[in-house]
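Structure assessment
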Amino acid sequence: MARNAAFKRTCKLMGNRFELTVVSDNEGWANKKIDAGIAEIQRIERLLTTFSDDSETNQVNNNAGIMPVKVSGETFDLIRRSIRISEITQGAFDITYGSIDKRLWNFDQNMTALPDRETAKNMVRLINYRNVILDAEKSTVFLREKEMRIGFGGIGKGYAAERAKQIMREQGVESGVVNASGDLTAWGLQPNGKQWTVGIANPDLPEGVFSYMSITGLAVATSGNYEKFVMIGGKKYSHTINPRTGLPVTGIKSVTIITTNAEIADAMATPVMIMGIETGLHLINQIKDIEAVIIDDNDRMYTSKNINVK
(Lines give C-alpha, C1' and ligand atoms only; values in the text may rest on other atoms or scores of the structure.)
Protein backbone atom coordinates (compact mmCIF):
# COMPACT_ATOMS: atom_id res chain seq x y z
CA MET A 1 0.00 0.00 0.00
CA ALA A 2 1.40 3.42 -0.98
CA ARG A 3 2.31 5.74 1.85
CA ASN A 4 1.30 9.37 2.14
CA ALA A 5 3.85 11.99 1.15
CA ALA A 6 3.85 15.78 0.86
CA PHE A 7 4.06 16.84 -2.79
CA LYS A 8 5.12 20.47 -3.31
CA ARG A 9 5.41 22.97 -6.13
CA THR A 10 6.84 26.49 -6.07
CA CYS A 11 6.00 29.15 -8.63
CA LYS A 12 5.86 32.93 -9.02
CA LEU A 13 2.30 34.27 -8.92
CA MET A 14 0.95 37.77 -8.19
CA GLY A 15 4.58 38.95 -8.06
CA ASN A 16 5.23 36.63 -5.09
CA ARG A 17 6.67 33.19 -4.42
CA PHE A 18 3.83 30.73 -3.85
CA GLU A 19 4.38 27.17 -2.61
CA LEU A 20 1.49 24.69 -2.75
CA THR A 21 1.66 21.41 -0.84
CA VAL A 22 -0.70 18.44 -1.08
CA VAL A 23 -0.53 15.31 1.10
CA SER A 24 -1.44 12.17 -0.85
CA ASP A 25 -0.34 8.61 -1.64
CA ASN A 26 -0.58 9.40 -5.37
CA GLU A 27 1.81 11.91 -6.95
CA GLY A 28 -0.17 12.28 -10.20
CA TRP A 29 -3.39 12.99 -8.30
CA ALA A 30 -1.60 15.48 -6.02
CA ASN A 31 -0.13 17.36 -9.00
CA LYS A 32 -3.57 17.75 -10.58
CA LYS A 33 -4.88 19.30 -7.35
CA ILE A 34 -1.88 21.64 -7.21
CA ASP A 35 -2.62 22.61 -10.86
CA ALA A 36 -6.18 23.50 -9.81
CA GLY A 37 -4.90 25.67 -6.93
CA ILE A 38 -2.44 27.48 -9.21
CA ALA A 39 -5.14 28.09 -11.84
CA GLU A 40 -7.33 29.71 -9.17
CA ILE A 41 -4.52 32.03 -8.04
CA GLN A 42 -3.86 33.01 -11.67
CA ARG A 43 -7.57 33.78 -12.13
CA ILE A 44 -7.55 36.07 -9.08
CA GLU A 45 -4.36 37.75 -10.28
CA ARG A 46 -6.07 38.66 -13.57
CA LEU A 47 -9.00 40.07 -11.60
CA LEU A 48 -7.03 42.20 -9.15
CA THR A 49 -3.79 43.18 -10.88
CA THR A 50 -2.90 46.82 -11.49
CA PHE A 51 -0.44 45.77 -14.23
CA SER A 52 -3.13 45.05 -16.80
CA ASP A 53 -5.23 47.82 -18.38
CA ASP A 54 -8.34 45.67 -18.59
CA SER A 55 -8.37 44.40 -14.99
CA GLU A 56 -11.35 45.45 -12.90
CA THR A 57 -9.01 47.22 -10.47
CA ASN A 58 -7.60 49.45 -13.22
CA GLN A 59 -11.04 50.15 -14.67
CA VAL A 60 -12.11 51.46 -11.25
CA ASN A 61 -8.89 53.50 -10.91
CA ASN A 62 -9.10 54.96 -14.43
CA ASN A 63 -12.59 56.26 -13.71
CA ALA A 64 -11.75 57.84 -10.33
CA GLY A 65 -13.70 61.06 -9.91
CA ILE A 66 -15.50 60.42 -13.20
CA MET A 67 -18.05 57.64 -12.87
CA PRO A 68 -18.92 54.37 -11.07
CA VAL A 69 -17.63 51.16 -12.63
CA LYS A 70 -19.54 47.88 -12.68
CA VAL A 71 -17.45 45.01 -11.29
CA SER A 72 -17.95 41.30 -10.68
CA GLY A 73 -19.64 40.22 -7.47
CA GLU A 74 -16.32 38.74 -6.32
CA THR A 75 -14.39 42.01 -6.66
CA PHE A 76 -17.27 43.97 -5.14
CA ASP A 77 -17.39 41.67 -2.09
CA LEU A 78 -13.61 41.84 -1.61
CA ILE A 79 -13.75 45.66 -1.68
CA ARG A 80 -16.66 45.63 0.75
CA ARG A 81 -14.75 43.35 3.15
CA SER A 82 -11.67 45.59 2.78
CA ILE A 83 -13.70 48.64 3.79
CA ARG A 84 -15.02 46.73 6.81
CA ILE A 85 -11.42 46.02 7.87
CA SER A 86 -10.63 49.72 7.39
CA GLU A 87 -13.47 50.55 9.78
CA ILE A 88 -12.30 48.01 12.37
CA THR A 89 -8.69 49.28 12.21
CA GLN A 90 -9.73 52.95 12.10
CA GLY A 91 -8.12 53.40 8.69
CA ALA A 92 -4.79 51.69 9.46
CA PHE A 93 -5.76 49.27 6.67
CA ASP A 94 -6.86 51.07 3.52
CA ILE A 95 -6.98 49.76 -0.07
CA THR A 96 -6.77 53.36 -1.36
CA TYR A 97 -3.08 53.34 -0.32
CA GLY A 98 -2.39 53.02 -4.09
CA SER A 99 -2.73 56.82 -4.22
CA ILE A 100 0.71 57.29 -2.59
CA ASP A 101 3.23 58.84 -4.95
CA LYS A 102 5.77 56.08 -5.64
CA ARG A 103 8.41 58.59 -6.75
CA LEU A 104 8.72 59.90 -3.20
CA TRP A 105 8.56 56.45 -1.58
CA ASN A 106 10.87 54.28 -3.64
CA PHE A 107 12.78 52.77 -0.64
CA ASP A 108 15.97 52.21 -2.59
CA GLN A 109 19.57 53.30 -2.07
CA ASN A 110 18.81 56.68 -3.65
CA MET A 111 16.51 57.60 -0.78
CA THR A 112 18.66 59.49 1.74
CA ALA A 113 16.08 61.59 3.63
CA LEU A 114 12.46 61.46 4.65
CA PRO A 115 10.08 64.03 3.20
CA ASP A 116 9.09 66.76 5.66
CA ARG A 117 5.85 66.22 7.59
CA GLU A 118 3.81 68.64 5.47
CA THR A 119 4.89 67.01 2.20
CA ALA A 120 4.19 63.56 3.64
CA LYS A 121 0.77 64.64 4.88
CA ASN A 122 -0.08 66.04 1.47
CA MET A 123 0.98 62.79 -0.18
CA VAL A 124 -1.63 60.78 1.70
CA ARG A 125 -4.54 63.19 1.18
CA LEU A 126 -6.16 60.81 -1.33
CA ILE A 127 -5.95 57.81 1.01
CA ASN A 128 -9.44 57.57 2.45
CA TYR A 129 -11.54 54.42 2.31
CA ARG A 130 -14.64 56.53 3.04
CA ASN A 131 -14.35 57.90 -0.50
CA VAL A 132 -14.91 54.45 -2.01
CA ILE A 133 -18.62 54.49 -2.84
CA LEU A 134 -20.29 51.10 -3.29
CA ASP A 135 -23.68 50.41 -4.84
CA ALA A 136 -24.67 46.83 -4.00
CA GLU A 137 -27.72 46.82 -6.28
CA LYS A 138 -25.75 47.84 -9.36
CA SER A 139 -22.48 46.16 -8.21
CA THR A 140 -20.56 49.38 -8.91
CA VAL A 141 -17.51 50.99 -7.33
CA PHE A 142 -16.83 54.71 -7.49
CA LEU A 143 -13.72 56.52 -6.24
CA ARG A 144 -14.94 59.97 -5.29
CA GLU A 145 -11.68 61.88 -5.87
CA LYS A 146 -9.72 62.15 -9.12
CA GLU A 147 -6.31 60.41 -8.96
CA MET A 148 -7.50 58.09 -6.19
CA ARG A 149 -6.33 54.52 -6.65
CA ILE A 150 -7.18 51.22 -5.00
CA GLY A 151 -4.81 48.26 -4.75
CA PHE A 152 -5.03 44.85 -3.12
CA GLY A 153 -1.40 44.48 -2.00
CA GLY A 154 -2.50 44.23 1.63
CA ILE A 155 -5.15 41.54 1.18
CA GLY A 156 -4.83 39.97 -2.29
CA LYS A 157 -2.20 37.33 -1.44
CA GLY A 158 -4.22 36.09 1.52
CA TYR A 159 -7.44 36.04 -0.50
CA ALA A 160 -5.74 34.04 -3.27
CA ALA A 161 -4.25 31.56 -0.77
CA GLU A 162 -7.65 31.08 0.86
CA ARG A 163 -9.37 30.54 -2.50
CA ALA A 164 -6.70 28.03 -3.66
CA LYS A 165 -7.19 26.11 -0.41
CA GLN A 166 -10.96 26.06 -0.90
CA ILE A 167 -10.66 24.81 -4.49
CA MET A 168 -8.24 22.05 -3.49
CA ARG A 169 -10.39 20.97 -0.55
CA GLU A 170 -13.46 20.83 -2.79
CA GLN A 171 -11.47 18.47 -5.01
CA GLY A 172 -10.72 16.12 -2.12
CA VAL A 173 -7.43 17.39 -0.67
CA GLU A 174 -7.71 16.59 3.04
CA SER A 175 -4.27 17.93 4.03
CA GLY A 176 -2.19 20.68 2.49
CA VAL A 177 -0.58 24.08 2.69
CA VAL A 178 -0.74 27.18 0.48
CA ASN A 179 2.16 29.49 1.28
CA ALA A 180 2.14 32.92 -0.36
CA SER A 181 5.57 34.35 0.52
CA GLY A 182 5.05 33.67 4.22
CA ASP A 183 1.31 34.29 4.30
CA LEU A 184 0.04 30.75 4.56
CA THR A 185 -2.95 28.57 5.29
CA ALA A 186 -2.61 24.96 6.44
CA TRP A 187 -5.20 22.24 6.94
CA GLY A 188 -5.17 18.55 7.85
CA LEU A 189 -1.96 16.86 9.00
CA GLN A 190 1.54 16.12 7.75
CA PRO A 191 2.24 12.64 6.33
CA ASN A 192 3.59 11.64 9.77
CA GLY A 193 0.22 12.46 11.37
CA LYS A 194 1.49 15.57 13.17
CA GLN A 195 0.28 19.16 12.80
CA TRP A 196 2.13 21.48 10.44
CA THR A 197 5.08 23.34 11.97
CA VAL A 198 5.19 27.05 11.15
CA GLY A 199 8.21 29.23 11.87
CA ILE A 200 7.88 32.95 12.65
CA ALA A 201 10.69 34.66 10.70
CA ASN A 202 13.50 36.26 12.65
CA PRO A 203 13.23 39.98 11.69
CA ASP A 204 17.03 40.32 11.72
CA LEU A 205 17.62 37.09 9.78
CA PRO A 206 14.56 36.53 7.56
CA GLU A 207 15.87 33.10 6.54
CA GLY A 208 16.13 32.20 10.24
CA VAL A 209 13.33 31.45 12.70
CA PHE A 210 12.36 33.45 15.79
CA SER A 211 9.93 30.86 17.18
CA TYR A 212 7.76 27.91 16.12
CA MET A 213 4.07 27.01 16.25
CA SER A 214 2.19 23.82 15.45
CA ILE A 215 -1.02 24.51 13.54
CA THR A 216 -3.82 22.94 11.54
CA GLY A 217 -6.94 24.59 10.17
CA LEU A 218 -5.30 27.99 10.64
CA ALA A 219 -3.71 30.77 8.62
CA VAL A 220 -0.59 32.78 9.49
CA ALA A 221 0.66 36.05 7.98
CA THR A 222 3.64 38.21 8.88
CA SER A 223 4.38 41.85 8.10
CA GLY A 224 7.93 42.93 8.83
CA ASN A 225 10.35 45.79 8.31
CA TYR A 226 12.93 43.32 6.98
CA GLU A 227 11.00 42.92 3.71
CA LYS A 228 11.80 46.38 2.34
CA PHE A 229 13.36 49.29 4.19
CA VAL A 230 15.78 52.17 4.03
CA MET A 231 18.46 53.32 6.51
CA ILE A 232 18.51 57.08 7.14
CA GLY A 233 20.72 58.57 9.85
CA GLY A 234 21.44 55.10 11.22
CA LYS A 235 17.72 54.38 11.74
CA LYS A 236 15.71 51.73 9.88
CA TYR A 237 12.47 52.89 8.23
CA SER A 238 9.98 50.28 7.07
CA HIS A 239 8.28 50.41 3.66
CA THR A 240 5.01 50.32 5.64
CA ILE A 241 3.53 53.83 5.50
CA ASN A 242 1.14 55.15 8.12
CA PRO A 243 -1.81 56.37 6.00
CA ARG A 244 -2.54 59.15 8.53
CA THR A 245 0.91 60.74 8.53
CA GLY A 246 2.46 59.59 5.25
CA LEU A 247 5.60 58.61 7.16
CA PRO A 248 7.12 55.13 7.62
CA VAL A 249 6.31 53.01 10.66
CA THR A 250 9.04 52.64 13.32
CA GLY A 251 9.33 50.73 16.60
CA ILE A 252 8.09 47.32 15.43
CA LYS A 253 10.17 44.78 13.51
CA SER A 254 7.39 42.33 12.71
CA VAL A 255 3.75 41.42 13.34
CA THR A 256 2.47 37.88 12.88
CA ILE A 257 -1.27 37.21 12.78
CA ILE A 258 -2.77 33.77 13.43
CA THR A 259 -6.43 33.22 12.57
CA THR A 260 -8.78 30.89 10.68
CA ASN A 261 -8.72 32.71 7.34
CA ALA A 262 -5.71 33.69 5.19
CA GLU A 263 -7.41 36.80 3.84
CA ILE A 264 -8.01 38.16 7.34
CA ALA A 265 -4.49 37.20 8.47
CA ASP A 266 -2.94 39.04 5.52
CA ALA A 267 -5.15 42.10 5.95
CA MET A 268 -4.58 42.47 9.72
CA ALA A 269 -0.78 42.14 9.89
CA THR A 270 0.10 45.57 8.47
CA PRO A 271 -2.53 47.62 10.38
CA VAL A 272 -1.38 46.19 13.71
CA MET A 273 2.15 47.31 12.76
CA ILE A 274 0.80 50.81 12.02
CA MET A 275 -1.36 51.00 15.17
CA GLY A 276 1.53 50.10 17.47
CA ILE A 277 1.94 47.47 20.18
CA GLU A 278 -0.57 48.60 22.79
CA THR A 279 -3.38 49.70 20.45
CA GLY A 280 -2.80 46.81 18.06
CA LEU A 281 -2.95 44.14 20.77
CA HIS A 282 -5.99 45.80 22.35
CA LEU A 283 -7.80 45.50 19.01
CA ILE A 284 -6.74 41.86 18.45
CA ASN A 285 -7.82 40.89 21.97
CA GLN A 286 -11.33 42.14 21.22
CA ILE A 287 -11.80 40.00 18.08
CA LYS A 288 -12.72 36.33 18.27
CA ASP A 289 -10.42 33.65 16.78
CA ILE A 290 -7.49 35.94 15.99
CA GLU A 291 -4.10 36.20 17.71
CA ALA A 292 -0.95 38.26 17.22
CA VAL A 293 2.78 38.05 17.93
CA ILE A 294 4.68 41.35 17.81
CA ILE A 295 8.47 41.79 17.90
CA ASP A 296 9.68 45.30 18.67
CA ASP A 297 12.91 47.06 17.66
CA ASN A 298 14.61 45.74 20.83
CA ASP A 299 13.66 42.10 20.04
CA ARG A 300 11.04 41.99 22.80
CA MET A 301 8.09 39.74 21.99
CA TYR A 302 4.50 40.72 22.80
CA THR A 303 1.54 38.40 22.27
CA SER A 304 -2.23 38.56 22.41
CA LYS A 305 -3.86 36.87 25.37
CA ASN A 306 -4.47 33.36 23.97
CA ILE A 307 -1.24 32.77 22.09
CA ASN A 308 1.24 29.97 22.74
CA VAL A 309 4.60 30.17 20.94
CA LYS A 310 7.79 28.21 21.56
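Remember, it's a predicted structure, so these values are computed and weren't measured experimentally. (Residues numbered from 1 in each chain as written. Predicted model: local features only at pLDDT ≥ 70, side-chain atom pairs only at ≥ 80, totals over all residues. Heavy atoms only, no water.)

This part is about the packing of helix H3 (residues 73-88) against helix H6 (residues 262-275). Helix packing geometry: the angle between the two helix axes and the distance between the axes. At a closest axis distance of 11 Å, the pairing of H3 and H6 adopts a crossing angle of 45 degrees. Between H3 and H6, the angle falls in the class oblique. In this structure, H3 crosses over H6, and the sense of that crossing is right-handed. Here Leu78, Arg81 and Ile85 of H3 come into contact with H6, specifically with Glu263, Ile264, Ala267 and Met268. For the contact of H3 with H6, the per-class residue count stands at five nonpolar, no polar and two charged. (Axes fitted to C-alpha atoms, helices over the stretch in contact; angles between N-to-C directions. Helix = DSSP H or I, 4+ residues; strand = E, 2+ residues; numbered from the N terminus. Parallel < 35°, antiparallel > 145°, perpendicular 65-115°, else oblique. Left-handed = near helix turned anticlockwise from the far one by under 90°. Contact = heavy atoms within 4.5 Å. Nonpolar A, V, L, I, M, F, W, Y, C, P; charged D, E, K, R; others polar.)

Before going further, it helps to examine the pairing of strand S14 (residues 290-296). The buried count for S14 comes to seven of seven residues, which makes it a mostly enclosed element. Burial of S14 is two-sided: the residues Ile290, Ala292, Ile294 and Asp296 facing one way and the residues Glu291, Val293 and Ile295 facing the other way are all buried. Where strand S13 (residues 252-259) meets S14, seven bridges bridge the pair, whose relative direction is antiparallel. Note on S14: the bridge partner recorded for Ile252 is Asp296. Sheet topology places S14 next to strand S15 (residues 301-303); three bridges connect them, and they run antiparallel. Across the sheet, Ile294 pairs through a bridge with Tyr302, a residue of S15. Here S14 folds back onto S15 in antiparallel fashion, the turn holding four residues, of which Asp299 has a positive phi close to 65 degrees. (Buried < 20%, exposed > 50% of the residue type's maximum accessible area, 1.4 Å probe, protein only. Pairing = 2+ DSSP bridges.)

With that settled, the discussion passes to the environment of Arg244. Relative to the elements of secondary structure, Arg244 occurs in the loop between strand S12 (235-238) and S13. Arg244 sits in the partly exposed class, given a relative accessible area of 37%. A sequence separation of 79 residues divides Arg244 from Lys165, and the C-alpha atoms of the two residues are 35 Å apart. With residues up to four places along the chain from it excluded, the contact list for Arg244 reads Thr89, Gln90, Ala92, Lys121, Val124 and Ile274. Within the structure, the side chain of Arg244 is placed 2.8 Å from the backbone oxygen of Gln90, a separation counted as a polar contact. (Polar contact = N/O pair within 3.5 Å; in protein donor to acceptor, adjacent residues only side chain to side chain.)

Taken in spatial order, the three strands of this open sheet run S3-S5-S4, and their pairing is antiparallel. Edge strands, defined here as strands with exactly one partner in the open sheet, are strand S3 (69-70) and strand S4 (132-135). Contacts from H3 reach S4 and strand S5 (140-143) within the one sheet, and its direction differs from that of S4 by about 130 degrees.

A few words now on the side chain of Thr75. Considering the arrangement of structural elements, one finds Thr75 in helix H3. For Thr75, a relative accessible area of 2% puts it in the buried group. With residues up to four places along the chain from it excluded, the contact list for Thr75 reads Leu47 and Glu56.

Interpretation note: all reported values are geometric properties and have no functional meaning in isolation.
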